[in-house]
Amino acid sequence: MSHDNHQETFTSKYIFSLDHKVIGIQYMITALLFLLLGFSFVLLMRWQLAYPGSPIPLIGKFLPSFIAAGGIMHPAAYNTLGAMHGTIMIFLGIVPLGFGAFGNYLLPLQIGAADMAFPRMNMMSYWTYFVGGVLMLSSFILPGGAAQSGWTSYVPLSVVSPGQTTWLIAMTFLITSSLLGSINIIVTTVNMRAPGLGWSRLPIFVWSQFVTAVLLLFAFPVLQAAAILQLLDRVAGTSFYIPTDLIVGGNILGRSGGGSVLLWQHLFWFLAHPEVYVLLLPAMGIVAEILANGTRKPIFGYKEIAGSFCFIGFLSFIVWAHHMFVSGMKTKLSYLFMTTTMIISVPSVAILTCFLLSLKGGSIRYKLPMLFALAFLPMFGIGGLTGLPLGFTPTDVYLHDTYYVIGHFHYVVVTGTMIALMGGIYFWFPKMFGRKMNEKLGYIHFWGTIVMMNGIFFPMFIQGLAGAQRRLYDPTVQAHNLVVQPTNVFMTACAALLLLFQIPFIWNFFHSIFKGEKTEENPWQATTLEWACPSPPLPHKNFEKIPTVYRGPYEYSVPDRKTDFWPQDQKD
């Protein structure tokens, strides 16, 4: 659709915009703010774990009494912060940043399209997400408070504890947002590629977004239905998940009968394991783009990486029950899911191997985005390797619900995905705003962040192997935790320092939008189509004319060429 013939108002240009680039930036800034909020919640939790029962310093006296009366955290508030930390970081932070922000902004540019296939649906996707986020946060001031049943909302606790109703309603908004976005990404990728841009010429980033959209489209409706059923259990007197004769507070719950608590677990994890790859695949796509550009050579194993993305997408739907090995499932069934879990590690290892082999023989430019991409490789490797014992039934029985699980998950999603997303921000910032971020502040941010993240998450493996359970308000009540209690103090100090190292990034990001040094249109000398349009791209149409593609996405260091990069849209 054309937007050239009418004058846009401030509202239509920046608030209810139909331009995929503005919507992508809306997603980015909103998601980064939610990530900061979710991280601040965990700082309060970490203080309680390090110094149980001690008043929270500096801000404790300003916190409302239902969170920290007299500055000392309330046990129910600890559960609330734990549930909301996980919910905010995953559903309001990393998914909207990796899929909503980067996908919206870059995918049309990388395939040479003028916009997304459905601009109004795109706008609706963002505002549905925004409403869901505001609703989720509003639960703190509503009667009953925010959710207290973990980010997994396990029944029967979530059916009888306060605060979960708002969580479920907010989740339906967030799920709807993701479904709208995934439909848009799929249709745009299939129908709006530039002339000459076949599937074998797509950038790896586009492949990652396309597979992620397919995962969301097939997995999220299951959670949507499951959440509605749980909502009915709470407000309509049904018992889809409430078992017979459920005892609450010493009394049998009057409306209980016939439901299955395991049904919720199956429905939830059927979504939540594909969700892990929804968190991971966009990050892998970003790393591929940065590695090819930083090594000045084609990415190793293009077809293998794209095929592995598709294989992961398929397999992610048949591994969900490895989260439920201790739920009493039959041994033969657990062996099936143990086998599929081991198989799904193969394409992940293949992708990581291709990334490592891409470095061989490369003329590596150690620019700031490249540091983030290189850091992703060992961090994701640690996350993947530590997941293997959780995929084996015998070892998982011991490690389940310990801090080992938290360490594994955070190495994948934080030191893996978040590091890659940060690298993506530094890499595409010149494209988005026509300016570059300050490199010195970026280096401070990178080194401080990577060191402190490891300081927080690596001791979790030690705690888990020692038997320290997760979700404990006061870990010192169990004698065997006293041995590893000093690690909680160390991890809390690292968490506080990690927050300090985000200050240079926050200043750098917002200051550089307006006052950063202006850059050329292709500062990284990259080959993919997003660099063929102005920086920032033209409103609504991106390109002066739709480009024609003549070659693959990573033609670097081609022999007998004067420059070491050969853009996709250059004829010769």
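Along every chain, residues carry numbers that run from 1 in the direction the sequence is written. Local features in this predicted model are restricted to residues whose pLDDT is 70 or higher, and side-chain atom pairs enter the listing and the counts only when it is 80 or higher, whereas totals over whole chains, interfaces and linings include all residues. Processing note: side-chain calculations cover all non-hydrogen atoms of the structure and skip hydrogens and water entirely.

Draft legend 1. Fine view of the overall build of the protein chain. Put simply, DSSP H or I for four residues or longer makes a helix, DSSP E for two residues or longer makes a strand, and each gets a number counted from the N terminus. When its secondary structure is counted, the protein chain shows 16 helices and five strands. Referenced to the eigenvectors of the C-alpha coordinate spread, the extents of the protein chain come out at roughly 80 × 55 × 50 Å. Burial classification: accessible surface area is computed with a 1.4 Å probe over protein chains only, and a residue below 20% of its type maximum counts as buried, one above 50% as exposed, and the rest as partly exposed. Relative to its 572 residues, the protein chain shows a buried fraction of 58%. A contact between two residues is defined here by any heavy atoms of the two lying within 4.5 Å. A separation threshold of at least 6 residues defines the contact pool for the protein chain, and within that pool the share at least 24 residues apart is 78%. Roughly 22600 Å² of accessible area belongs to the protein chain as shown, and the carbon and sulfur atoms make up 69% of that amount. To measure how exposed things are, a 1.4 Å probe is used in the Shrake-Rupley method; for residues, cover is taken only from the protein chains shown.

Draft legend 2. Up close: the packing of aromatic side chains. For Phe, Tyr and Trp, where Trp contributes only its six-membered ring, two rings pair if their centres lie within 6.5 Å, and the inter-plane angle classes them as stacked under 30 degrees, edge-to-face over 60, or tilted in between. What the rule picks out here adds up to 44 aromatic pairs. Note on Tyr-126 and Trp-127: the rings are 5.1 Å apart at their centroids and 80° apart in plane angle, and the pair reads as edge-to-face. A network of ring pairs unites the aromatic residues Phe-372, Tyr-426, Phe-429, Phe-433, Phe-446, Trp-447, Phe-505, Phe-509 and Phe-510 as a single cluster. Placement of a positive charge over a ring is assigned whenever Lys NZ or Arg CZ falls within 6 Å of the ring centre and within 35 degrees of the normal to the ring plane. If you follow Arg-551 out to its NZ or CZ, it ends over the ring of Trp-566, 3.9 Å from the centre.

Draft legend 3. Region of the structure containing the environment of Pro-389. Position of Pro-389 among the secondary structure elements: in helix α12 (residues 368–391). Once you skip the residues sitting within four places of it in the chain, Pro-389 turns out to touch Thr-395, Asp-396, Leu-399 and Tyr-404.

Draft legend 4. Representation of the confidence of the model for the protein chain in the model. In this model, the protein chain carries an average pLDDT of 94, and 99% of its residues clear a pLDDT of 70 or more. Contacts of residues 1–5 to residues separated by more than four positions or lying in other chains number five contacts, the stretch itself having pLDDT below 50. Known as pLDDT, the predictor's confidence for each residue is given on a scale from 0 to 100.

Draft legend 5. Examining the packing of helix α7 (residues 164–191) against helix α8 (residues 204–235) more closely. Lines are fitted to the C-alpha atoms to define the axes, a helix being fitted only along its stretch in contact, and any angle between axes, read from their N-to-C directions, falls within 0 to 180 degrees. Running from N to C, α7 and α8 point in directions that differ by 155°, and their axes come no closer than 8 Å. In this view, α7 runs roughly antiparallel relative to α8, as classed from their interaxial angle. Considering how the two elements wind past one another, α7 and α8 form a crossing that is left-handed. In this count, Pro and Cys sit with the nonpolar residues alongside Ala, Val, Leu, Ile, Met, Phe, Trp and Tyr, while Asp, Glu, Lys and Arg are called charged and the others, Gly among them, polar. Looking at the contact of α7 with α8 residue by residue, the classes come out as 22 nonpolar, 10 polar and one charged. Here the word oblique covers every angle except those under 35 degrees (roughly parallel), over 145 (roughly antiparallel) and from 65 to 115 (roughly perpendicular). Take the far helix as the reference: if the near one is turned anticlockwise from it by less than a right angle, the crossing is left-handed, and if turned clockwise, right-handed.

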